[in-house]
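Chain by chain, the residues run as shown.
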Amino acid sequence: MKNSILSIAAMALLSGNAIAQQKPNIILFLVDDMGWQDTSLPFWNDTTELNHIYETPNMERLAKKGVRFTHAYACPISSPSRVSLFTGANAARHKVTNWTLKKDTPTDRKNEMLDFEAWNYNGLCPEPGLEHSFYAKCLPQLLRENGYTTMMVGKAHFGSIDTPAANPLAIGFDYNIAGHAAGAMGSYLGEEGYGASGKPEWAAIWAVPDLEKYHGTDTFLTEALTLEAKGLMDKALDQSKPFFLYMSHYAVHAPFGTDKRFYQKYMDKGLPHKEAQYAALVEGMDKSLGDLMDYVDRKGIADHTVIIFMSDNGGYTIGRADKNAPLSEGKGSLKEGGIREPMIVYYPNVTPPSTMNDTPVIIEDFFPTLLEIAGVHDYQTPQQIDGQSFMAQVKGQTGEKERALFFHYPNNWGERIQTIGAPQSAVVKGDWKLIHYYETGSSCLYNLNDDISEQHDLSACYPDKVKELAKVLSDYLRAQHATMPILKTTGKFVPYPDGEDVERVLPKDDETLVYDNPGDALHLKKGDMHPKMKGWSFYTAHEFNDKDTKKGLPLGFVEHRGLHMSRTAKVDNRKCSKVEDGVLRIWSVEEKDSIDNRFGKKVKYSHGCYRTSLPGSKEFWCNFTENMRIEIRFKRTPYVGFNDALWFMGNNNRPWPKNGEIDLLENPKKTLNDCAHFTLHSENHYAGVVGGGGSVTSSINLADMSQWNIYWLEWYPDRIVGGVNGQAYFEHNKGAD
């Protein structure tokens with residue numbers, strides 16, 4: 001009997017391991033600032049001079065097993081690429097368009113000609129509410145929810161210092177070693193504590209964390225990270241679960257250090273000191289790749305471990321001219337040298353060995369592809385996914401060659417030479433590429449098939465192609481509400497590449513739109529995603545004055561006011577309401593926005609929505625008709641408590657409508673422990689209250705809603721569903737406690 005029990009237990013254990021191994025392990029090997037030709041493995045149809053300088057035998061070894069992608073792209077700067085990688089969103093959408101470091105602090109260098117619209121310089125964020133950040137559910141979190149042990153080793157650079165994503169554990173990693181807010185290492189040398197031996201204030205930012213046991217040794221940073229990665233894989237294998245290892249090297253980022261294991265070899269080749277340092281960094285990185293490949297072979301898991309090799313942006317060429325040849329320029333540029341990357345994928349028994357694929361892919365494509373590799377198909381995220389899976393290309397199929405790839409860098413990097421670091425946007429579509437430069441307002445056109453070095457601007461020869469691609473690029477930027485530079489001389493945004501003005505202002509009164517009944521409300525249930533939380537454009541819903549409060553009111557919207565508020569303040573409603581897609585959207589105004597404030601400084605008002613904090617005050621009431629949806633934006637003030645900011649209520653005299661929705665949008669600039677909540681009352685009595693433990697002044701521009709949290713209710717004859725941003729978080733049945 002005892003043996004039978006043991007046999008059953010053994011079978012169960014083996015069965016569990018088999019189930020775990022149905023999902024492959026995934027190693028994503030990301031190199032920092034590695035150029036397209038910084039390898040002995042050619043990624044072009046010709047072998048280049050650089051291919052003869054560098055020695056990367058393990059990249060060659062990986063490519064013999066898998067597929068080389070010759071048209072792989074990333075962003076020109078680190079943080080944008082890493083946010084795109086882990087969220088699936090293009091940089092124009094996530095708006096983390098430059099490198100990040102300190103909280104609430106842009107990193108753009110001053111520009112004589114341009115200012116820069118506020119971008120998401122706090123990086124990505126796994127929770128709503130942080131200003132100037134991109135709220136997203138990230139790749140490792142989704143993998144962890146689907147049975148993976150998630151580990152990262154090396155450079156993170158997801159979120160600014162003192163923001164949640166500065167710690168990679170916050171975005172879904174089970175383990176993190178050496179990843180923090182900084183985008184570079186204090187030092188490559190163990191003798192210098194990887195930067196820890198520097199001045200305390202500097203070291204607090206730049207020293208690589210978690211590697212104290214190597215301090216004072218001659219262990220080069222690349223080697224230390226590799227040893228740590230193997231230790232984490234040991235832990236993962238003990239758990240009998242598939243693992244995702246994000247091996248994210250600081251190499252080959254500047255300033256270069258001397259890896260003594262390989263440096264002399266390149267000095268003997270006749271390279272100058274700096275280039276010998278760089279070549280040694282490259283070979284040290286390649287050794288790390290080989291060590292991980294050896295590890296999975298030794299552990300017997302090579303047949304179910306996917307290995308993907310990629311760089312986060314082009315090679316660094318400041319002070320190193322022509323080091324990306326045949327490509328032009330380098331990191332910080334939208335020329336090919338700044339965005340085209342060496343990429344290899346090996347999927348055992350899937351990838352055809354020793355093959356090349358020239359299908360264009362871009363960094364945000366990794367998000368859906370890795371989820372597909374992991375067998376994760378049914379997932380929901382608050383962010384829209386721009387990336388497209390390249391799994392078919394992993395299997396050897398040719399993909400869409402004419403797909404447009406978009407690049408947006410509306411910033412000023414700081415290191416400037418040629419067009420490196422300049423504010424610019426680009427589109428690659430088939431063989432054609434258009435780059436638009438915002439300082440000059442000019443565009444360059446290249447045919448990459450004929451001119452991979454981008455030496456011949458064809459814009460004068462093909463004006464129709466310029467016009468076509470400029471519109472494709474501009475339409476995309478408009479659709480994403482992409483951030484844009486601002487001309488100092490006029491205070492206006494630079495035009496889009498097609499010459500059209502950037503609209504960030506509200507239409508005039510005579511452009512009032514009329515509410516259009518949207519039909520049936522969304523029938524959401526707990527866990528569903530809200531499909532309408534993407535993009536805002538601003539319109540006047542109606543005019544509001546003390547002579548005719550009903551002028552231009554949308555159909556189906558009725559206003560009720562308390563008697564003591566019969567004298568209505570004049571409000572410029574271009575600042576507080578709009579109709580879009582059949583939805584009336586309202587947000588509050590404050591004293592400074594009022595044309596004629598008659599209630600004093602303690603009043604916060606907007607038509608049919610708000611009540612005052614004055615004793616004995618009456619509420620403004622709203623009736624709701626069938627299938628009506630209302631969104632309310634509001635701001636806290638120093639003088640109005642949050643609980644008084646908003647109160648929507650129906651009662652027995654105004655029955656619960658069959659279908660409808662209230663969306664409550666909260667300014668994310670809030671104090672700790674403040675939150676939005678809903679109080680749901682009895683049978684046919686409902687209310688939405690946004691409350692918290694205090695109030696805070698907000699200076700956010702009323703016309704810039706891209707960073708606001710969205711709290712919403714949707715009600716049906718028998719229940720209410722509520723949530724935050726895209727995610728439904730609760731259901732409340734009618735009549736329940």
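Going by the structure above, here's the rest.
A few points on the structure. The written sequence of each chain sets the order in which its residues are numbered from 1. For a predicted model such as this one, the threshold for reporting local features is a pLDDT of at least 70, and the threshold for listing and counting side-chain atom pairs is 80 or more; totals across whole chains, interfaces and linings nevertheless cover every residue. Only heavy atoms go into the side-chain values, all of them from the structure, while hydrogens and water stay out.

**Digging into the overall build of the chain**
Under the scheme used here, helices are H or I runs from DSSP no shorter than 4 residues and strands are E runs no shorter than 2 residues, and both carry numbers assigned from the N terminus. Secondary structure summary: the chain contains 15 helices and 30 strands in total. The protein chains shown are the only cover counted for residues, whose accessible areas, like all others here, come from Shrake-Rupley with a 1.4 Å probe. For the chain, the exposed surface amounts to about 28900 Å²; the carbon and sulfur share of it is 51%.

**So, the side chain of Gln383**
Mapped onto the secondary structure, Gln383 falls in the loop between α12 (366-373) and α13 (391-394). Buried, partly exposed and exposed residues are distinguished by accessible area as a fraction of the type maximum, computed with a 1.4 Å probe on protein chains only: under 20%, between the cut-offs, and over 50%, respectively. Classification of Gln383 as buried rests on a relative accessible area of 4%. Contacts: residue pairs with any heavy atoms within 4.5 Å of one another. Those residues within four positions of Gln383 in sequence are excluded, and the remaining contacts are Thr87, Phe134, Tyr135, Ala136, Lys137 and Phe367.

**A look at the pairing of strand β10 (residues 340-346)**
In terms of burial, β10 is a largely internal element, seven of the seven residues being buried. Pairing of strand β2 (residues 67-73) with β10 involves five bridges; the strand directions are antiparallel. Looking at β10, one finds that Ala72 is bridged to Glu341. When DSSP finds two or more bridges between two strands, those strands count as paired. Bridge count for strand β9 (residues 305-311) against β10 is three bridges, and the pairing is antiparallel.

**Considering a negative patch on the surface**
Distance thresholds for patches are 9 Å for like charges and 5 Å for nonpolar side chains (Val, Leu, Ile, Met, Phe, Trp, Tyr), applied to residues having over 30% relative accessible area and no salt bridge. Salt bridges, as used here, are contacts in which a Lys or Arg side-chain nitrogen is within 4 Å of a carboxyl oxygen on Asp or Glu. Positive charges come from Lys and Arg, negative ones from Asp and Glu, while His and the chain ends are left out of the count. A charge is said to be at NZ when it belongs to Lys, at CZ for Arg, at CG for Asp and at CD for Glu. On the surface, Glu400, Glu402, Asp431 and Asp450 cluster together into a patch of negative charge. Checked against the element boundaries, Glu400 lands in the loop between α13 and β13 (404-409). For Glu400, a relative accessible area of 48% translates into the label partly exposed.

**Thoughts on the sheet that holds strand β14 (residues 424-429)**
Taken together, four strands build an open sheet; the order of strands is β13-β14-β15-β16 and the sheet is antiparallel. Every interior strand has two partners, whereas the edge strands, β13 and β16 (442-447), have only one. Between one strand and the next, the sheet's axes are offset by a mean angle of 10°, whatever the strand orientation. Where β13 meets β14, six bridges bridge the pair, whose relative direction is antiparallel. Bridge pairing in β14 links Phe407 to Ala426. Where helix α14 (residues 463-479) meets the sheet, its contacts fall on β13, β14, β15 (432-437) and β16, and the angle it forms with β14 comes to roughly 115°. A fitted line through C-alpha atoms represents every axis, and for helices the fit uses only the stretch in contact; the resulting angles, taken between N-to-C directions, go from 0 to 180 degrees.

**Looking at α14**
Helix span, expected: 1.5 Å multiplied by one less than the number of residues in the helix. Its 17 residues place the ends of α14 24 Å apart at the C-alpha level, agreeing with the 24 Å of an ideal helix rising 1.5 Å per residue. Every buried residue of α14 is listed here: Val466, Leu469, Ala470, Leu473, Ser474, Tyr476 and Leu477. Buried residues of α14, viewed axially, fall in a sector of 155°; they line one side. Exposed residues lying more than 90 degrees from the buried face of α14 are Asp464 and Lys467. The elements touched by buried residues of α14 are α5 (91-94), β13, β14, β15 and β16. Looking one or two residues past α14, His481 carries a phi angle of roughly 50°, positive in sign. Each C-beta atom gives one direction from the helix axis, and the arc is the one those directions make.

**Digging into the packing of aromatic side chains**
Ring geometry is summarised as follows: Phe, Tyr and Trp rings, the Trp one being its six-membered ring, pair when their centres sit within 6.5 Å, and such pairs are stacked at plane angles under 30 degrees, edge-to-face over 60 and tilted between the two. Overall, the coordinates contain 17 aromatic pairs when judged by the stated rule. A centroid spacing of 6.3 Å and a plane angle of 70° characterise the contact between Phe367 and Tyr379, whose relative ring orientation is edge-to-face. Residue Phe367 is found in helix α12, and its partner Tyr379 is found in the loop between α12 and α13; the two are separated by twelve residues along the sequence. Clustering of aromatic rings is evident, with ring pairs tying together Phe86, Phe158, Phe173, Phe244 and Tyr246.

**Structural notes on the pattern of salt bridges**
On inspection of all chains with the given rule, the structure shows 30 salt bridges. The salt bridge involving Lys433 is made with Glu454; its shortest N-O contact spans 3.0 Å. Of this pair, Lys433 sits in strand β15 while Glu454 sits in the loop between β16 and α14, and the two are 21 residues apart along the sequence. The structure contains a network of salt bridges with shared partners spanning Glu223, Asp259, Arg261, Lys287 and Asp291.

**Considering the packing of helix α3 (residues 57-65) against helix α10 (residues 273-298)**
Two numbers describe how α3 lies on α10: the axes approach to 7 Å, and their chain directions differ by 50°. It follows that α3 is oblique to α10 by the angle criterion. Here Pro57, Asn58, Met59, Arg61, Leu62 and Lys65 of α3 come into contact with α10, specifically with Met285, Asp286, Lys287, Leu289, Gly290, Met293, Asp294 and Asp297. Grouping the constituent residues of the contact of α3 with α10 by class yields six nonpolar, two polar and six charged. In what follows, roughly perpendicular refers to angles from 65 to 115 degrees, roughly parallel to angles under 35, roughly antiparallel to angles over 145, and oblique to any angle outside these ranges. Under this grouping Gly is polar, as are all residues other than the nonpolar Ala, Val, Leu, Ile, Met, Phe, Trp, Tyr, Cys and Pro and the charged Asp, Glu, Lys and Arg.

**Observations concerning α3**
Within α3, the full set of buried residues consists of Asn58, Met59, Leu62 and Ala63. Along α3, the residues classed as buried sweep out an arc of 140° about the axis, all on the same side. In this structure, the buried residues of α3 make contact with β2, α10, β9 and β10.

**Describing the environment of Arg82**
Inspection of the secondary structure assignment puts Arg82 in helix α4 (residues 78-87). Note: C-alpha distance between Arg82 and Glu364 (282 residues apart in sequence) is 8.9 Å. In this structure Arg82 touches Leu30, Asp32, Lys155, Ala156, His157, Phe158, Tyr246, Ser248 and Asp312, once residues within four positions along its chain are discounted. Reaching out from Arg82, the side chain makes a polar contact with the side chain of Tyr246 at a distance of 3.2 Å. In the analysis that follows, any N or O atom pair within 3.5 Å is treated as a polar contact, provided that within protein one partner can donate a hydrogen and the other can accept it, and provided that, for residues neighboring in sequence, both atoms belong to side chains.

**What about unusual backbone geometry?**
Residue Ala251 is joined to Val252 through a cis peptide bond whose omega torsion reads 15°. Counting through the fold element by element, Val252 comes out in the loop between β8 (243-248) and α9 (263-268). Ala254 connects to Pro255 through a cis peptide bond whose omega is 0°. Position of Pro255 among the secondary structure elements: in the loop between β8 and α9. A positive phi angle is found at Asp210, which is not glycine, with a value near 75°. Considering the arrangement of structural elements, one finds Asp210 in the loop between α7 (200-206) and α8 (221-238). By relative accessible area, which is 37% here, Asp210 ends up partly exposed.

**Description of the side chain of Lys335**
By the secondary structure assignment, Lys335 is in the loop between β9 and α11 (336-339). Setting aside its immediate chain neighbours within four residues, Lys335 contacts Ser328, Glu329, Lys433, Ile435, Tyr437, Tyr446 and Glu454.

**Re the environment of Glu439**
Its location among the elements puts Glu439 in the loop between β15 and β16. Considering only alpha carbons, one finds Glu439 and Met113, 326 residues apart in sequence, at a separation of 7.0 Å. If we skip the residues at most four places from it in the chain, Glu439 touches Asn111, Met113, Leu114, Arg416, Ala422 and Pro423. A polar contact is formed between the side chain of Glu439 and the side chain of Asn111, at a distance of 2.7 Å.

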